[in-house]
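Here are the chains, one letter per residue:
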Amino acid sequence: MWNSGYVSDVDYTFGHFSFLSPNSLKLAALLEGGKHGVPENPTYLELGFGQGVSLNMHAASNPGQYWGADFSPSQTATASEYAEHGAGNLQLFEDSFEDLLQRRDLPQFDIIVLHGIWSWVPRKAREAITHIARDHLKPGGLFYVSYNVKAGWEGTRSLRDLMAQHYRTNRRGSVAERVKAALSYATEVLEADAKFFSNNPIAKAQLEDMKKKDPVYIAHEFFNETWNPMHFSEVCEELSHAKLDHLGSSTLLDGLESIHLTPKAQDILRGASDKRIKGDLWDAFVSQRFRRDIFVKGLRAHIPQSRLRLLLKQRFVLTKLAEKLPATIKGARGTANLDQDLYGRIVRAFSEANAYILSVQDILASPECTSIPFAQLEQAIRVLVDIDMIAPVSSEETITSVKPTTERLNIKLCQDAAFDDSVKFLASPVTGSGVAVSRFEQLFIISLSRGLADPSKYIWQLFEAQGQRLQKEGKLLETAEANQAELQSQLDAFRENRLPLLHRLGIVSAEGKLDLSCEEPLKG
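The rules behind these values
Residues numbered from 1 in each chain as written. Predicted model: local features only at pLDDT ≥ 70, side-chain atom pairs only at ≥ 80, totals over all residues. Heavy atoms only, no water. pLDDT = per-residue confidence, 0-100. Contact = heavy atoms within 4.5 Å. Buried < 20%, exposed > 50% of the residue type's maximum accessible area, 1.4 Å probe, protein only. Helix = DSSP H or I, 4+ residues; strand = E, 2+ residues; numbered from the N terminus. Pairing = 2+ DSSP bridges. Salt bridge = Lys/Arg side-chain N within 4 Å of Asp/Glu carboxyl O. Axes fitted to C-alpha atoms, helices over the stretch in contact; angles between N-to-C directions. Parallel < 35°, antiparallel > 145°, perpendicular 65-115°, else oblique. Left-handed = near helix turned anticlockwise from the far one by under 90°. Nonpolar A, V, L, I, M, F, W, Y, C, P; charged D, E, K, R; others polar. Expected span 1.5 Å × (residues − 1). Arc of directions from axis to C-beta. Phe/Tyr/Trp six-rings, centres within 6.5 Å; stacked < 30°, edge-to-face > 60°.

Examining the confidence of the model for the protein
No. 1: Across the protein, the average pLDDT comes to 94, with 97% of residues at or above 70.
No. 2: Below a pLDDT of 50 lies the segment residues 1-11, which in the model reaches 32 contacts outside its immediate sequence neighbourhood of four places, other chains included.

Below you can see the structure in the form of structure tokens.
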């Protein structure tokens, strides 16, 4: 079978992952103290790009050349349709990893990424991935991989196997219906007082959590023929054949040991002599289920002065309103309080006067932050990036050069929102990544861009023609007047709150418009 046991009878969801962007990967490497050779205009490969949302966002909002491979013809077709409205710097192939390895036109890459792939493909596919990295990742190049971890799944693996077997043997109905049937079957087993659940209470919690998820996500996440959680040390061993060394985690909160580990666990971790043992110990201490790791071909550490200089120059943009700063963050040990005085001062340093963009050096020099020690600020940056309060920023030259291409892609996505709510993201030339938006916001933007006198009326006419109604306080709005009034209320809130944020991210003008002169797709 061409799909190698992977669920292919329904396409994957339309997600976007900003931590795959060049800016995010380079920031994570810098915070971990590792050197890399990734330039401003990288050659970038994504393996298993799904619907291609992340890859298209990153190709449109960054300079460089972008490549992608996915063996699903329907997903490749979807991604290619978006690529027609990008920068023309993206090549997509309907290839398995084994087939991609045989291509003679692959360049040397600065970055290779694969998200949600490693644990879900058979060994021969993982070997092909390793060979691609060995043969086509440049020295100094970054390699991102995510995977399920044994430590967090041991108590629930039998539950997954039970449901996956039911899913594979029950061929009646749609994928969603088969997923729901598998969940119902597992629930029957639970209610029959199966000792497995009483001996593994985490499995019962897992089952209840799965019932709340999108059935399509469940099918792809749990019901592939291959579902192979691994130890960190096992992944390191396989990737060592590509001369890859572990650089660090792209989950920035992992750098805050105090919210994840007891003091005793921190002492044990510091005593570990081997990086692989340390990684496996970490996973055991926190019951890690999923890792997002960055490897590098040729591990080199920054000298402290060089790393400090680069960190001071690193720029960030405030991506949320300052009052959205949360009171707590979550770690493996539970909930930890954020120092509202410290974090509030940092966030308030970003203002309209500086276009909400500051370097680390600018933050330290701001009146409210001069007393903050550098080590404390560095830790705060980890937190603020992880919780999406701030994001790393591209150079001014890059922002200017990619603006027409992000406009073109965003026009396409906003136009599509008239009849399709699949892709709820827009590309930012400022961050070099995607930004989450609602379908309403996409429709507001395209209506304002077209200069419509009454956007709420136009949007209501679209919804009415599709038999759709709005909800307010959990109740369906029945009349045209009520629906249009609610749309107008949301438009007013958008103009006051969200529009200024999207403007500072370079997505729209101060009036909430896209430049429709960029609308034409690329010529073949």
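On we go.
Here's the deal with the pairing of strand S9 (residues 328-331)
No. 1: Side-chain alternation along S9 places Ile329 and Gly331 on a buried face and Thr328 and Lys330 on a face that remains uncovered.
No. 2: Where S9 and strand S10 (residues 334-337) come together, four bridges link them in antiparallel fashion. Directly across from lysine 330, in S10, lies its bridge partner threonine 335.
No. 3: If you look at the hairpin formed by S9 and S10, you'll find two residues sitting between the two strands.

Remarks on the pattern of salt bridges
No. 1: Under the definition given, this model contains 26 salt bridges.
No. 2: Salt-bridge contacts for arginine 382 lead to glutamate 32; the nearest nitrogen and oxygen are separated by 3.4 Å. Placement of the pair is arginine 382 in helix H18 (residues 374-386) and glutamate 32 in the loop between helix H1 (22-31) and strand S1 (43-47), with a sequence separation of 350 residues.
No. 3: The exposure class of arginine 382 is buried, given its relative accessible area of 8%.
No. 4: Measuring nitrogen to oxygen at the nearest pair gives 3.2 Å for the salt bridge that ties aspartate 416 to lysine 412. Highlighted residues: aspartate 416 and lysine 412, both in helix H19 (residues 396-416), separated by four residues, approximately one helical turn.
No. 5: Put simply, Arg123, Arg126, Glu127 and Glu238 are held in one network by salt bridges that share partners.

Focus: the packing of helix H21 (residues 455-465) against helix H22 (residues 480-504)
For any two helices packed against each other, one specifies the inter-axial angle together with the distance between the axes.
No. 1: For the pair H21 and H22, interaxial distance at closest approach is 9 Å and the crossing angle is 130 degrees. As judged from the angle between their axes, H21 and H22 are oblique. Here H21 runs over H22; the crossing is right-handed. In contact with Pro455, Ser456, Lys457, Ile459, Trp460 and Phe463 of H21, H22 contributes Ala480, Asn483, Gln484, Leu487, Gln488 and Leu491.
No. 2: Of the residues assigned to the contact of H21 with H22, the class counts are seven nonpolar, four polar and one charged.

Considerations on the sheet that holds strand S7 (residues 290-297)
What holds strands together in a sheet is hydrogen bonding between their backbones, with the strands either parallel or antiparallel.
No. 1: Spatially, the seven strands line up as an open sheet ordered S3-S2-S1-S4-S5-S7-S6, and their pairing is mixed. Strands at the two margins of the open sheet, each flanked by one partner only, are strand S3 (90-93) and strand S6 (244-249). Ignoring strand direction, the axes of neighbouring strands in this sheet form an average angle of 20 degrees.
No. 2: Sheet topology note: the S1/strand S2 (residues 65-69) ladder contains five bridges and is parallel. By the bridge assignment, threonine 43 is partnered in S2 with glutamine 65.
No. 3: Contacts from helix H2 (residues 53-60) reach S1, S2 and S3 within the one sheet, and its direction differs from that of S2 by about 170 degrees.
No. 4: Running over the sheet, helix H12 (residues 232-240) touches strand S5 (137-148), S6 and S7 and is turned about 30 degrees from S7.

What to know about helix H7 (residues 157-169)
No. 1: Compared with the 18 Å implied by 1.5 Å per residue over 13 residues, the 18 Å span of H7 between its first and last C-alpha is a close match.
No. 2: For H7, the set of buried residues is Leu159, Arg160, Met163, Ala164, His166 and Tyr167. What you see down the axis of H7 is that its buried residues fit within an arc of 160 degrees, all on one side. In H7, the exposed positions that point more than 90 degrees away from the buried face belong to Gln165 and Thr169.
No. 3: Structurally, H7 contributes buried residues whose contacts are with helix H8 (175-191), helix H9 (195-199), helix H10 (201-211) and helix H11 (215-222).

Overview of the environment of threonine 130
No. 1: Looking at where threonine 130 falls in the secondary structure, it is placed in helix H5 (residues 123-136).
No. 2: Owing to a relative accessible area of 6%, threonine 130 belongs among the buried residues under this scheme.
No. 3: Spatially, the C-alpha atom of threonine 130 lies 29 Å from that of leucine 269, the residues being 139 residues apart in sequence.
No. 4: Contacts of threonine 130, omitting those with residues within four sequence positions, involve Trp118, Glu238, Leu239, His241 and Ala242.

Notes on the sheet that holds strand S12 (residues 390-392)
No. 1: Here we have three strands laid out as an open sheet, ordered S11-S8-S12, and antiparallel in their pairing. Edge positions in the sheet fall to strand S11 (357-359) and S12, since each has one partner strand and no second. Ignoring strand direction, the axes of neighbouring strands in this sheet form an average angle of 30 degrees.

Some details on the packing of aromatic side chains
No. 1: The final tally for this structure, using the stated rule, is twelve aromatic pairs.
No. 2: Ring plane angle 35 degrees and centroid distance 5.7 Å describe the contact between phenylalanine 17 and phenylalanine 19, whose orientation is recorded as tilted.
No. 3: Classification of phenylalanine 17 by relative accessible area gives partly exposed; the value is 26%.
No. 4: The exposure class assigned to phenylalanine 19 is buried, which follows from its relative accessible area of 16%.
No. 5: Between phenylalanine 440 and phenylalanine 463, the ring centres sit 5.7 Å apart and the planes meet at 45 degrees, which makes this aromatic pair tilted.

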